[in-house]
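# Commentary on secondary and tertiary structure
Read off the chains here:
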Amino acid sequence: MAFQLKVSNSLELLADQLCNNITSSHQSVFQPVYVVTQTEGMNNWLKIQIANKIGIAANILFLKPNDLINKVHYFMGGSSSETLSSENLSWLLFKLMGEEDFINKYPSISSYYDNNNPDSEVKRMALAEKVSDLFDQYQIYRTEMIDEWNESPHNIDDNSWQKELWVKAKEITAENFPDKTLVGKKIIEALEKKENTDRLEKSISAIYLFGISVITEYHLKIFYHLSSFINIHFLLLNPAPGIYWFEDISEKKLAFLKRIGKVESDVTGSGNPLLTNWGKLIQDTFNLLFQNDSLLNTYEELQEEEPLQDTLLHKIQYSIFHHENIDTGARISQKEIQDESIVINSCYSPAREVEALYNYLVYLIDKKQESLSPRDIVVMVSDVDMYASYIKAIFDNAPFRFPYTIADESYASSDSISNALNAVLSITEENFTAEEVIRLLDSSFIRSRFQITDPSLIRDVIDEANIRFGMEGKKEDDSVYISWVYGLKRIMYGICLSGSPEFGQGPESFYPIDTVEGHKAQEVIRFVHFAEQLMNALNERKTKRTIEEWVDYVDEILHNFICRRDENTEDDYLVILNQLEDYNSFTELF
């Protein structure tokens, strides 16, 4: 059993190697294949590649590095008891930051949130979330500091506020505290016992780390000890596999070093600037791997795919492959600049970017007669959640339809139960406008729960009732006449008193809205019920609650506004229920 490090400039070649390893070394179809990647998009692509090459992609577990460590810990006899998530830890830190001892001991920190401003608790929660995230990163990137905190918990000075929070949180949560450094140590200690290693070998025959661009010393140390008992395969991408470029520096960094006098002014950079600038993560990863002799000795370059030089794109890829500056390599002609192998569009908004993408795809197929299938097209964006709604709006309503899937999209960015719940909880008295309430009906789950089928009719009726803003409004500034309570009253009286003129007398009189009847009236009545339920939920939200009571409140919102209890099997519905249960399981800590 040992490390294996294989690199290539082609993901297809790395996928071929993965398939060869699976078919040659994997014995039982009932034993999972453990593949470590970093994105859901890579997982989907690998499934297709494995299915095409082997014939079927089954019983393959795609994990993140931390998930794999936790699974190994469990196989080695580690505790299966639930630990605090980073989100739950933030609630505990929120509580600790509100204690008088902490506020008085660290005034420079507590002054940020300990005031009479209405957003003081929001600031305290934001700080707690940031500290919780930092604790999570410290365990990976600053293991020595965490070890020092654990070994000397009582050595706390007036500037060690983070250490004090760490120590107190660990004392309160005991075994439930999510300390990755202890998990790593327990794994290494457990490997010294034969019964544990036998159990590990039966559970995991090999681990494949595919296309990982970032790896830490924490993970590598654990993988090194595991490699004595199971095979650890690194299948990594290297844009210039035949050249040692991992210590080259970019022009930007070179200019900085010249400015501070670390290098001579006549030193010039070499190599391809795209590789040295964009390949920093790859450099850091390989430099860390090469510190381990076992990995360095197993470094193997798979068959290379040298790019051609027939287009502008291929010439740039060729210069990266050979790590040469394109200015000193093959010259680029004006014809190649205009060959459209690289196209740059400057757009004024994300929506326009997606429109430009759609227009370009139509151009490729219609004008250039390109033969493209959906799997030939990959679109990469900086924030998939931000672009997802634009992609759906433009591609789903375009005259020519392109089948597509969106990888790595979170539940909250689609028409999902999570998104609907977030939308309802985001409604407040301050933003209780006609447009915001109608926007809730964009969710198919909310429409289905209240049996609303015609949002355009609802919009017309609301406009007719002149509902604009506010739940009740004030008579002093006449905002009562554009409020929801006043407008809904006019709508309901209009349905009940068809054709009635002004109703009531004096300042309490009003004009009913007589615009709908029959089945349309039933549709409007269902919406009125929805709006009144929403206002009741907002009024109930004003009550101060414990974490457990807030969990009950969210549970009521979920089942009163979005879906019926125990009648939904959507994945994100189960995720929400598990999260609520997760909060309840640790309420005694908060």
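See the structure above.
Residues numbered from 1 in each chain as written. Predicted model: local features only at pLDDT ≥ 70, side-chain atom pairs only at ≥ 80, totals over all residues. Heavy atoms only, no water.

### Looking at a nonpolar patch on the surface
Condition: Within the patch definition used here, like charges are joined within 9 Å and nonpolar side chains (Val, Leu, Ile, Met, Phe, Trp, Tyr) within 5 Å, considering only residues with over 30% relative accessible area and no salt bridge. Only the protein chains shown count as cover for residues, with accessible areas throughout obtained via the Shrake-Rupley method and a probe of 1.4 Å. The salt bridge definition used is simple: a Lys or Arg side-chain nitrogen within 4 Å of an Asp or Glu carboxyl oxygen. Only DSSP runs of H or I reaching four residues or more are called helices, and only runs of E reaching two or more are called strands; each is numbered from the N terminus. Three exposure classes are used, based on accessible area relative to the maximum for each residue type with a 1.4 Å probe and protein chains only: buried under 20%, partly exposed in between, and exposed over 50%.
Taken together, the side chains of Leu313, Ile342 and Ile344 make up a nonpolar region of the molecular surface, amounting to roughly 280 Å² of accessible area. Its place among the elements puts Ile342 in the loop between α18 (334-337) and α19 (350-366). Overall, Ile342 belongs to the partly exposed group, its relative accessible area being 31%.

### Some details on the pairing of strand β4 (residues 206-210)
Consecutive residues of a regular strand have side chains that alternate between opposite faces of the sheet. Just so we agree on the cut-off: Strands pair, by our definition, only if DSSP identifies at least two bridges between them. Orient the strands so they point away from the viewer, and a crossover whose first-strand-to-second-strand path over the helix runs clockwise is right-handed.
In terms of burial, β4 is largely enclosed, as 5 of its 5 residues are buried. The two faces of β4 match: Ala206, Tyr208 and Phe210 on one face and Ile207 and Leu209 on the other face are all buried. Bridge count between strand β2 (residues 33-36) and β4: 3 bridges; the pairing is parallel. The partner of Val36 across the bridge, within β4, is Leu209. When β4 meets strand β5 (residues 231-237), the two strands line up parallel, connected through 5 bridges. Considered in β5, the bridge of Tyr208 is made with His233. Assessed by its sense of winding, the connection that carries the chain from β4 through helix α12 (residues 217-226) to β5 is right-handed.

### Here we look at a negative patch on the surface
We count it as follows: Within this scheme the basic residues Lys and Arg register as positive and the acidic residues Asp and Glu register as negative, but His and the chain ends are omitted. Taken as the charge centre is NZ of Lys, CZ of Arg, CG of Asp or CD of Glu, depending on the residue.
Together, Glu540, Glu548, Glu549, Asp552 and Glu556 make up a negatively charged patch on the protein surface. Counting residues per element, the negative patch draws most heavily on helix α27 (residues 547-562), which supplies 4 residues. Topologically, Glu549 is positioned in helix α27. Overall, the relative accessible area of 38% leaves Glu549 in the partly exposed class.

### Description of the packing of helix α3 (residues 65-75) against α12
As a reminder of what qualifies: Note on geometry: axes are C-alpha line fits, over the in-contact stretch for helices, and angles between N-to-C directions span 0 to 180 degrees. Comment on the angle field: the value is read as roughly parallel under 35 degrees, roughly antiparallel over 145, roughly perpendicular from 65 to 115, and oblique elsewhere. For any helix crossing, the convention is left-handed if the near helix is rotated counterclockwise from the far helix by under a right angle, and right-handed if that rotation is clockwise. Contacts are assigned to residue pairs that have any heavy atoms within 4.5 Å of one another. Basically, the charged four are Asp, Glu, Lys and Arg, the nonpolar ten are Ala, Val, Leu, Ile, Met, Phe, Trp, Tyr, Cys and Pro, and anything else, Gly included, counts as polar.
Close contact between α3 and α12 brings their axes to 11 Å; oriented N to C, the two are set at 40°. Judged on the interaxial angle alone, α12 and α3 are oblique. At the point where α3 passes α12, the crossing takes the left-handed sense. Contacts between α3 and α12 involve Pro65, Asn66, Leu68, Ile69 and Val72 on the former and, on the latter, Tyr218, His219, Ile222, Phe223 and Leu226. A breakdown of the residues in the contact of α3 with α12 according to their chemical character gives 8 nonpolar, 2 polar and no charged.

### Focus on the environment of Phe3
Relative to the assigned elements, Phe3 resides in strand β1 (residues 3-8). On the accessibility criterion, Phe3 (4% relative accessible area) is buried. Ignoring sequence-local partners within four residues, the contact set of Phe3 consists of Leu220, Phe223, Tyr224, Ser227, Ile232, Phe234, Asn292, Ser294, Leu295 and Thr298.

### Some remarks on the pairing of β1
With 5 of 6 residues buried, β1 lies mostly within the body of the structure. Taken together, the 6 bridges between β1 and β5 define a ladder with parallel strand orientation. Residue Ser8 lies in a different strand from β5, and its bridge partner there is Leu237. Both β1 and strand β6 (residues 299-301) contribute to a ladder of 3 bridges, which runs parallel.

### A few points about the side chain of Glu336
Put simply, the rule reads: For the purposes of these results, a polar contact is taken to be a pair of N or O atoms within 3.5 Å, where, inside protein, one atom must be able to donate a hydrogen and its partner to accept one; residues adjacent in sequence count only when each atom of the pair is a side-chain atom.
As for its position among the elements, Glu336 is in helix α18. In terms of polar contacts, Glu336 uses its side chain to reach the side chain of Lys315, at 3.0 Å.

### A look at the nonpolar core
Looking at soluble globular proteins, one finds that nonpolar side chains tend to be buried together. Just so we agree on the cut-off: Grouping buried Ala, Val, Leu, Ile, Met, Phe, Trp, Tyr and Cys residues that are joined through side-chain atoms within 4.5 Å yields what is termed a nonpolar core.
Counting 51 residues, the largest nonpolar core has Trp484, Phe527, Phe530 and Ile562 as the members making the most contacts within it. Among the secondary structure elements, those contributing two or more residues to this core are α21 (417-426), α22 (434-439), α23 (444-449), α24 (455-464), α25 (484-496), α26 (519-541), α27 and α28 (571-585). The element contributing the most residues to this core is α26, with 10 residues. For Phe527, the residues in contact, after removing those within four places along its chain, are Val437, Leu441, Ile452, Ile458, Ile462 and Trp484.

### Overview of the sheet that holds β1
Strands pair in a sheet through their backbones, by hydrogen bonds, and they do so in one of two ways: parallel or antiparallel. On the basis of which strands lie adjacent, the open sheet formed by 6 strands has the order β3-β2-β4-β5-β1-β6 and parallel pairing. Edge positions in the open sheet fall to β3 (60-63) and β6, since each of these has one partner strand only. Averaged over all adjacent pairs, the angle separating strand axes in this sheet is 20°, with direction ignored. Across the face of the sheet, helix α1 (residues 11-25) comes into contact with β1, β2, β4 and β5 while running at roughly 175° to β4. Lying on the sheet, helix α15 (residues 280-289) is in contact with β1, β5 and β6; it crosses β5 at an angle near 150°.

### Comments concerning the packing of aromatic side chains
Aromatic ring pairs are reported here in terms of the distance separating the ring centres and the angle at which the planes meet. Our working definition: Pairs were defined over the aromatic rings of Phe, Tyr and Trp, the Trp ring being its six-membered one, requiring ring centres within 6.5 Å. Orientation was assigned from the angle between planes: stacked under 30 degrees, edge-to-face over 60, tilted for the rest. Note on geometry: a ring has a charge over it if NZ (lysine) or CZ (arginine) is within 6 Å of the ring centre and within 35 degrees of the ring normal.
In the structure shown here, the tally under the stated rule is 31 aromatic pairs. Ring geometry for Phe530 and Phe561: centres 6.1 Å apart, planes at 75°, overall edge-to-face. Of the two residues, Phe530 sits in helix α26 while Phe561 sits in helix α27, which places them 31 residues apart along the sequence. A residue is classified by how much of its surface remains accessible, and Phe561, at 2% relative accessible area, is buried. Geometrically, the ring pair formed by Trp550 and Tyr553 is edge-to-face, given 5.5 Å between the ring centres and 85° between the ring planes. Within this pair, Trp550 and its partner Tyr553 are both found in helix α27, separated by 3 residues, close to a single helical turn. We classify Tyr553 as buried; its relative accessible area is 4%. The residue whose ring lies beneath Arg124 is Phe94, and the NZ or CZ to ring-centre distance is 3.9 Å. Here the guanidinium or amino end of Arg545 rests over the ring plane of Trp550, the centre of that ring lying 5.1 Å away.

Any functional reading would require information that these geometric values do not contain.
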